[in-house]
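# Overview (structure and organization)
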Amino acid sequence: MPHPLGTQPSKIVAVHLNYPCRAKERGRVPEQPSYFLKPPSSLAGTGDALARPRGCELMAFEGEIALVIGRRAHRVAPERGWEHVAWVTAANDAGAYDLRYADRGSNLRSKGADGFTPIGPRLLDATRVDPAALRLRTWVNGEAVQDADTSDLLFPFGDLVADLSRLVTLEPGDVILTGTPAGASVVSPGDVVEVEVSTLDRVDSSGRLRNPVTEAEHDLAPWGAMPRVDAALRADAWGTPPADDGPALDEDLARDLRALATATLSSQLRKRGLQHMTIDGVRPTDPGAKLVGTAHTLRYLPLREDLFATFGGGMNAQKRAVEELRPGQVLVMDARRDPTAGTIGDILALRAKVRGAAGVVTDGALRDSAAVAALGLPTYYAAEHPAVLGRRHVPWDTGVPIACGGALVQPGDILVGDADGVVVVPPDLATELVADCLEQERQERFIADRVSAGEPIEGLYPLGPAWRAAYQEWLSTLP
């Protein structure tokens, strides 16, 4: 596409890390900026499609602020760097992580494909804006996923110009992509990504750079590097650390647990000295539904307004936890037993169900409770509340040990729930617990039969020596 200034840039320079929130997400804070180049042929405009190469799954977006050089910069000082910027606009530093391995860090194929650098739609006059008072926002399908300002950048814009100009002459029309904040993640064909840059007072705005994601219309020719992904790359692309929730629950064990009452499990756990294995204070949306699955954990911390902008916006820990869910897992949330703000609503609960979740447990409140109940996803919660989590909580991290309803829940623990509540089962005890629980429930069926026939409780409940022979005879009559 033509450059917004009417000329093609000689180069597009992209910064790896520049926002503290993104650096925290990546787990490292660089001492100096680092860069990579994108070819001018990757430029696109608003409305142009971001075409995911066939065979790729990890098409990522990164909302960024683009600087357009207006005056040649060669060995300029940091305090003069901003003087060489003519325009500011929105950009999307898009890429396909599936091809990143092939170019040893240059990102040429993964981020340099045609159309992978849309910018626009309008240019802001750099002389009329404060580079430390700009706001960057990104939406996916209309939902805000990134929101940050430039007040605390690791490397201010003028410093970037000066640093680059020490060795690389910046020519008029050149573009600098200045890094992305937390929340950059993966999109799929059918999604729409929008990016906007504005002044903090919203007086000046680039307008929304809008690009639909499509599937490429042709196969990727096979005579070069082909897409390749693994778990670590997926976690990197999605913007989340890889979750370690242990192995999936064995199907036979899950079936046996589903047949047991939580009261029986609680009793057997108590006999083993485990007294605090119930998640207290929660109730089910459907008392008739059974919950069995392994725990994937999410921790909320008390609200701090100065931290919510960093940890609460975009692809925060709450949304990442839902996107990390694997079939058969239970999303377990530690909300500090605070029922005065929602911890999940109908949209994220629906997403959890679509991803194959076995259920949801929170010791906080449930939003959109009627809609969540109608999903048919076993859900346990402490209260209903209309407020969003930002009223009381900061979504902090996932895949860590948490406290939920007074119980310590580790990733991979087994959760069993029924009308009585939810019990936490240590995976290494599950098989022997099932055997003992089945025996206990057989005895209780026998005892119930005798009580119905008019027998007194003494010596019968719990089953005493005088009734053992009758119990064995009764067992022999069972199918």
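Residues numbered from 1 in each chain as written. Predicted model: local features only at pLDDT ≥ 70, side-chain atom pairs only at ≥ 80, totals over all residues. Heavy atoms only, no water.

## Details of a nonpolar patch on the surface
A cluster of nonpolar side chains, namely Tyr101, Leu220 and Met226, defines an oily patch on the protein surface of about 220 Å² accessible area. Positionally, Tyr101 belongs in the loop between strand 8 (95-96) and helix 3 (108-111). Look at Tyr101 and you get partly exposed, because its relative accessible area is 33%. (Patch = residues over 30% accessible without salt bridge, like charges linked within 9 Å, V, L, I, M, F, W, Y side chains within 5 Å. Areas by Shrake-Rupley, 256 points an atom, 1.4 Å probe, with all protein chains shown as cover. Salt bridge = Lys/Arg side-chain N within 4 Å of Asp/Glu carboxyl O. Helix = DSSP H or I, 4+ residues; strand = E, 2+ residues; numbered from the N terminus. Buried < 20%, exposed > 50% of the residue type's maximum accessible area, 1.4 Å probe, protein only.)

## Here we look at the packing of aromatic side chains
Under the counting rule described, the total for this entry stands at 5 aromatic pairs. When the centroid spacing of 6.2 Å and the interplanar angle of 65 degrees are considered together, the rings of Phe446 and Trp467 count as edge-to-face. Of this pair, Phe446 sits in helix 12 (residues 430-452) while Trp467 sits in the loop between helix 12 and helix 13 (468-476), placing them 21 residues apart in sequence. Each member of the pair, Phe446 together with Trp467, is buried. Three or more aromatic residues link up through ring pairs in this structure, and these residues are Phe446, Trp467, Tyr471 and Trp474. The ring of Trp139 has Arg208 sitting right over it, with the charged end atom 3.4 Å from the ring centre. The residue whose ring lies beneath Arg228 is Tyr101, and the NZ or CZ to ring-centre distance is 3.9 Å. (Phe/Tyr/Trp six-rings, centres within 6.5 Å; stacked < 30°, edge-to-face > 60°. Lys NZ or Arg CZ within 6 Å of the ring centre and 35° of its normal.)

## Digging into the sheet that holds strand 11 (residues 143-149)
If you trace the 5 strands from one edge of the open sheet to the other, you get 4-15-14-10-11, paired in mixed fashion. Edge strands, defined here as strands with exactly one partner in the open sheet, are strand 4 (50-52) and strand 11. Along the sheet, successive strands turn relative to each other by an average axial angle of 20 degrees, direction set aside. (Pairing = 2+ DSSP bridges. Axes fitted to C-alpha atoms, helices over the stretch in contact; angles between N-to-C directions.)

## Focus: unusual backbone geometry
Cis geometry marks the peptide bond from Gly120 to Pro121; its omega dihedral reads 0 degrees. Within the fold, Pro121 resides in strand 9 (residues 117-125). The backbone of Arg337 shows a phi angle near 60 degrees, a positive value even though the residue is not glycine.

## Side note on the side chain of Thr178
By the element assignment, Thr178 lies in the loop between strand 12 (175-177) and strand 13 (186-187). A polar atom in the side chain of Thr178 sits 2.7 Å from the backbone oxygen of Ile65. Leaving out residues up to four positions away in the same chain, Thr178 has contacts with Val15, Asn18, Tyr19, Glu64, Ile65, Leu67, Phe157 and Leu160. (Polar contact = N/O pair within 3.5 Å; in protein donor to acceptor, adjacent residues only side chain to side chain. Contact = heavy atoms within 4.5 Å.)

## Side note on the pattern of salt bridges
For the structure on display, the rule yields 29 salt bridges. Between Asp174 and Lys11 there is a salt bridge, with the nearest N and O atoms lying 2.8 Å from each other. Residue Asp174 is located in the loop between helix 4 (157-165) and strand 12, and its partner Lys11 is located in the segment before strand 1 (12-15); the two are separated by 163 residues in the primary sequence. A residue is classified by how much of its surface remains accessible, and Asp174, at 1% relative accessible area, is buried. A salt bridge links Arg109 to Asp103, with the shortest nitrogen-to-oxygen separation between them at 2.7 Å. Exposure remark for Arg109: the relative accessible area of 37% places this residue in the partly exposed category. Each of Arg22, Lys38, Glu62, Asp93 and Lys111 takes part in salt bridges that share partners, so that together they form one network.

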